[in-house]
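Examining the three-dimensional arrangement
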Amino acid sequence: MPLSIDLKNCGALVTGVTSGIGAGIAEELARAGCDVTGCGLEKLTDDAVKRFQSSVGARGSKAHFLPCDLQKPDAPAELVKFAAKAMGGIDLVVSCAGRNVFEGVDECSEKDWRDCLEINLASHWRLAKAARPWLEKAKAPVFIVINSNQAFRTLAGCFPYNTAKAGLLGLVQSLAIEWGPQIRAVGIAPGFIDTPGNDSWFNGFPDPAAERQRTEALHPVGRIGTPREIGGLCAFLASSYAAFISGVTLPVDGGRSA
């Protein structure tokens, strides 16, 4: 019997839907039947927002979008209020928004440290707190945090980003323990995913194509991942097939960590 994920009548709140992993998550959740409320820094008239709305609508689901900066302390609560009104409730949250801040321990300024923790750690916590009353009303609610393989192992010059990502491991554990059994909390830690952010990384080398090929060769699967693959995993984790998964962060890195 083939695996079938049906998330019809499910309202999903996904942050950072205008590009990269967030866009892939929104598309795959819509494919599984979810209506999706998303957010980003762009204006409603921007092409990135139109692409989000089109990708969700093409799968027969409803798309709602709120421009907001989750680095601001009040933004997560405003987003949750908007999403709950637009969809009539919230069944699933995928907290995806984040920003690369790659600096060394000694080079990192106080401002960059604060800004990094605000968007890459605190915003996830604030979104969780704001969403909890709505998740408690859902039938099988899940709060998914998109982390990074930087949470488990890192490189020189990646502070404070990896510090914030390591903090998300603890956030998922705390949410699972304190909100269970009613609400599950799960983390996903992607490795190299084919996104504009990774393109910027490769373009920082003298020969971007050669560096990309070298990176792909480091993965036992022979390539880097896609946003849709992360989105498909989110759909699985939101389904009844994953009902026994909570409190863990799953590395998704094509076997590279092996």
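The text that follows walks through the structure, step by step, so that each part is easy to find.

The rules behind these values
Residues numbered from 1 in each chain as written. Predicted model: local features only at pLDDT ≥ 70, side-chain atom pairs only at ≥ 80, totals over all residues. Heavy atoms only, no water. Helix = DSSP H or I, 4+ residues; strand = E, 2+ residues; numbered from the N terminus. Rg over C-alpha atoms; globule rule 2.2 N^0.38 Å. Buried < 20%, exposed > 50% of the residue type's maximum accessible area, 1.4 Å probe, protein only. Areas by Shrake-Rupley, 256 points an atom, 1.4 Å probe, with all protein chains shown as cover. Lys, Arg positive; Asp, Glu negative; His and termini not counted. Charge placed at Lys NZ, Arg CZ, Asp CG, Glu CD. Contact = heavy atoms within 4.5 Å. Core = buried A, V, L, I, M, F, W, Y, C linked by side-chain atoms within 4.5 Å. Polar contact = N/O pair within 3.5 Å; in protein donor to acceptor, adjacent residues only side chain to side chain. Pairing = 2+ DSSP bridges. Axes fitted to C-alpha atoms, helices over the stretch in contact; angles between N-to-C directions. Phe/Tyr/Trp six-rings, centres within 6.5 Å; stacked < 30°, edge-to-face > 60°. Lys NZ or Arg CZ within 6 Å of the ring centre and 35° of its normal. Salt bridge = Lys/Arg side-chain N within 4 Å of Asp/Glu carboxyl O.

1. Considering the overall build of the chain
The number of helices and strands found in the chain is eight helices and nine strands. Its C-alpha atoms give the chain a radius of gyration of 18 Å, within 12% of the compact-globule value 18 Å for 258 residues. Taking the principal axes of its C-alpha atoms as reference, the chain extends roughly 50 × 45 × 40 Å. Taking all 258 residues of the chain together, 48% fall into the buried category. Put simply, the chain shows about 12,600 Å² of open surface, and 54% of that area lies on carbon and sulfur atoms. Across the chain, the centroid of the 26 positively charged side chains sits 7 Å from that of the 27 negatively charged ones.

2. A word on the environment of Gly24
Looking at the element boundaries, Gly24 is found in helix α1 (residues 20–31). Given the relative accessible area of 5%, Gly24 is considered buried. For Gly24, the residues in contact, after removing those within four places along its chain, are Pro227, Arg228 and Gly231.

3. So, the nonpolar core
Ranked by internal contacts, the top residues of the largest apolar core, which has 32 residues, are Ile25, Leu29, Val36, Leu92, Val94, Ile144 and Ile146. Of all the elements in the fold, those that place two or more residues in this core are β1 (11–15), α1, α2 (47–57), β4 (92–95), β6 (142–146), β8 (184–190) and α8 (227–238). Once residues lying within four places of it in the same chain are set aside, the contact partners of Ile25 are Val14, Val94, Cys96, Ile146, Pro227, Ile230, Gly231 and Cys234. By size, the runner-up hydrophobic cluster in this structure holds 29 residues, among which are Cys39, Leu70, Leu135 and Trp179.

4. Quick word on the side chain of Ser95
Positionally, Ser95 belongs in strand β4. Classification of Ser95 by relative accessible area gives buried; the value is 3%. A polar contact of 2.7 Å, which involves the side chain of Ser95, links it to the side chain of His124. Residues within four places of Ser95 in sequence aside, it is in contact with Thr15, His124, Leu127, Phe143, Ile144, Val145 and Ile146.

5. Observations concerning the sheet that holds strand β9 (residues 249–252)
Read from one edge to the other, the open sheet built from seven strands follows the order β3-β2-β1-β4-β6-β8-β9, with strand pairing classed as parallel. The sheet is open, and its two edges are formed by β3 (63–67) and β9, each paired on a single side. Recorded for the sheet is a direction-independent mean angle of 15° between the axes of neighbouring strands. By the bridge criterion, five bridges tie strand β2 (residues 35–40) to β3 in an arrangement that is parallel. Residue Gly38 lies in a different strand from β3, and its bridge partner there is Phe65. Relative to the sheet, helix α4 (residues 110–135) contacts β1, β4 and β6, its axis offset from that of β6 by approximately 165°. The strands touched by α8 are β4, β6, β8 and β9; relative to β8, the strand with the most contacts, the crossing angle is about 165°.

6. Let's talk about the packing of aromatic side chains
Within the structure shown, the criterion is met by five aromatic pairs. Aromatic pair Phe52 and Phe65: ring centres 6.1 Å apart, planes at 55°, arrangement tilted. One end of the pair, Phe52, is in helix α2; the other, Phe65, is in strand β3, with 13 residues separating them in the sequence. Seen from their ring centres, Phe102 and Tyr161 are 5.0 Å apart, and the 85° between their planes marks the pair as edge-to-face. Taken together, the residues Phe102 in strand β5 (residues 102–103) and Tyr161 in helix α5 (residues 161–179) connect sequence positions 59 residues apart. Geometry around Trp134 places Lys137 over its ring, the cationic atom sitting 4.2 Å from the centre.

7. Looking at the side chain of Ser61
With respect to the helices and strands, the residue Ser61 is situated in the loop between α2 and β3. At 3.3 Å, the side chain of Ser61 forms a polar contact with the backbone oxygen of Ala30. Filtering out sequence-adjacent residues up to four positions away, Ser61 remains in contact with Ala30, Gly33, Cys34, Asp35 and Val56.

8. Here's the deal with the pattern of salt bridges
Two side chains carrying opposite charge are able to pair once their charged atoms lie near each other. In total, this model carries 14 salt bridges according to the counting rule given. For Lys8, the salt bridge goes to Asp6, with nearest N and O atoms at 3.7 Å. Note on Lys8: relative accessible area 58%, which makes it exposed. Its salt-bridge partner being Arg31, residue Glu27 comes within 3.1 Å of it at the nearest N-O pair. Taken together, the residues span about one helical turn, with Glu27 and Arg31 both in helix α1 at a distance of four residues. Residues joined by salt bridges that share partners form a network here, namely Glu27, Glu28, Arg31, Arg59 and Arg228.

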